[in-house]
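Structural characterization, general
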Amino acid sequence: MSSIIQQVSDLAKMDLPAEENHVLRGLPAPAYTSEEFFKEEQKRIFQSNWVLAGFVHELKEPGTAIPTEVGGQPILLLTDDKGEIGVFHNLCRHRGLILVTEKTKVEQSITCPYHAWSYDTSGALESAPHFGGFRKQEVPGFKKCDFGLLPVRFAIWHDWVFVNIDGKAPEFNEYVATFEEELKDFDFGTLEPIGRIDLGEVQANWKLLMENFIEPYHVPVVHDVTAAGQPLKDHYTITNGRLLGSAVDLEVPKQDSEVADHLDMSARYLTLFPSFVLGIYLPDQAGVHINMPVSAGVTHQYRVLYSLDQREYTEEEKKALCDLWTDVHKEDHEIAVLLQKGRHSVAMNDGGLMSPHWEDSAQAFQRMVLENMQKNTD
């Protein structure tokens with residue numbers, strides 16, 4: 001076990017409470033501020049688990065190539081000429097150059113800008129110009145069929161593309177089993193994307209954004225206007241294996257057909273460890289966002305909005321929803337930035353206090369972080 005993981009483990013005071021409703025402790029400060037710990041997280045958590053990497057609806061057109069990053073690894077989502085999705089390491093097999101730097105439509109081939117090696121949309125190597133000499137590709141022991149783009153293990157679930165970098169995670173069906181059970185009454189066949197929000201880089205650790213989404217304790221304070229219609233008393237937490245989150249069931253369901261400028265509906269705030277985030281806002285909205293770790297103190301966040309239950313939104317309503325969720329996220333971001341700054345205090349080496357009623361799911365997430373860091377050893 002690395003020294004930083006041992007340090008965090010030694011500082012952690014997350015033993016199971018001796019009795020019900022006992023105060024809970026959180027992860028110590030270095031788990032949020034140490035670049036060494038962050039580097040180990042990339043390998044032991046993000047490369048070792050199923051992680052959301054992209055969206056099927058963005059890959060519908062043949063020849064679509066979308067670069068992204070998972071666990072610090074450059075990944076390429078690629079749709080072939082038949083419309084089949086593939087996932088590959090975004091590297092030329094020759095010298096390891098990044099092949100695709102922005103979303104693009106591949107007209108013929110993906111060509112490396114270094115030595116012009118080219119690949120088709122199925123990942124096969126088409127050409128290695130002059131590799132064996134001028135106008136000669138043949139080299140003893142070199143076969144083009146052996147040097148296509150390296151594939152990454154992936155699974156498609158509804159509109160979402162998940163990847164497992166090290167190829168050792170449990171079968172995907174096992175990974176999503178508790179989630180599917182929780183959502184068995186929802187018809188995800190009616191999901192239709194209606195907007196994408198790039199929320200930019202947040203100056204906070206990815207775990208703080210996950211924990212904030214999971215717990216409802218902050219809602220009446222941080223979102224006193226945007227979520228005024230969701231009283232704290234109606235919230236509860238959800239803890240079921242990898243499935244963690246919270247929910248709110250309102251006594252009077254929303255009846256207004258217009259898009260409101262605040263949240264006033266029953267909702268499910270659900271996550272699958274480590275970083276899949278799904279919000280369902282009854283009866284007709286859903287949202288998924290990606291928290292992409294950049295460093296110990298920076299996370300890039302995106303959100304895709306969906307209509308649910310065959311609700312059709314006008315362009316004006318779509319913009320209103322995007323504006324509302326941008327406002328909600330900005331409120332959370334302001335808090336996350338202050339939390340990150342607070343984690344640089346030695347006073348937070350004890351992990352702080354957590355409510356056993358409102359933050360048990362958030363602490364369960366933290367436990368999984370520590371367990372994965374300790375388990376997935378070299």
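For the structure itself, consult the block above.
Residues numbered from 1 in each chain as written. Predicted model: local features only at pLDDT ≥ 70, side-chain atom pairs only at ≥ 80, totals over all residues. Heavy atoms only, no water.

1. Quick look at unusual backbone geometry
- With omega at 10°, the peptide bond leading from Phe-273 into Pro-274 counts as cis.
- In this fold, Pro-274 is placed in the loop between β15 (267-272) and β16 (276-281).
- Residue Pro-283 follows Leu-282 across a cis peptide bond; omega there is 10°.
- Along the chain, Pro-283 falls in the loop between β16 and β17 (285-295). (Helix = DSSP H or I, 4+ residues; strand = E, 2+ residues; numbered from the N terminus.)

2. Topic: the sheet that holds strand β2 (residues 51-55)
- Read across the open sheet, the three strands follow the order β2-β11-β10; overall the sheet is antiparallel. Every other strand in the sheet has two partners, leaving β2 and β10 (153-157) as the edge strands with one partner each. Neighbour-to-neighbour, the strand axes of the sheet open up by a mean angle of 30°, direction not taken into account.
- Two elements, β2 and strand β11 (residues 160-164), share four bridges in a ladder whose sense is antiparallel. Pairing of Phe-55 across the sheet is with Trp-160, part of β11. (Pairing = 2+ DSSP bridges. Axes fitted to C-alpha atoms, helices over the stretch in contact; angles between N-to-C directions.)

3. A word on helix α3 (residues 35-46)
- Within α3, the full set of buried residues consists of Phe-37, Phe-38, Glu-40, Glu-41, Gln-42, Arg-44, Ile-45 and Phe-46.
- Between the side-chain oxygen of the N-cap and the backbone nitrogen of Glu-36 there are 3.2 Å, and the N-cap of α3 in question is Ser-34. (Buried < 20%, exposed > 50% of the residue type's maximum accessible area, 1.4 Å probe, protein only. Polar contact = N/O pair within 3.5 Å; in protein donor to acceptor, adjacent residues only side chain to side chain.)

4. Notes on the pattern of salt bridges
- For the structure on display, the rule yields 13 salt bridges.
- For the salt bridge of Arg-44 with Glu-40, the shortest nitrogen-to-oxygen distance reads 2.6 Å. With Arg-44 and Glu-40 both in helix α3 and four residues apart, the pair spans about one turn of that helix. Grouping residues by exposure puts Arg-44 and Glu-40 together as buried.
- Taken together, the shared-partner salt bridges in this structure form one network comprising Glu-40, Lys-43 and Arg-44. (Salt bridge = Lys/Arg side-chain N within 4 Å of Asp/Glu carboxyl O.)

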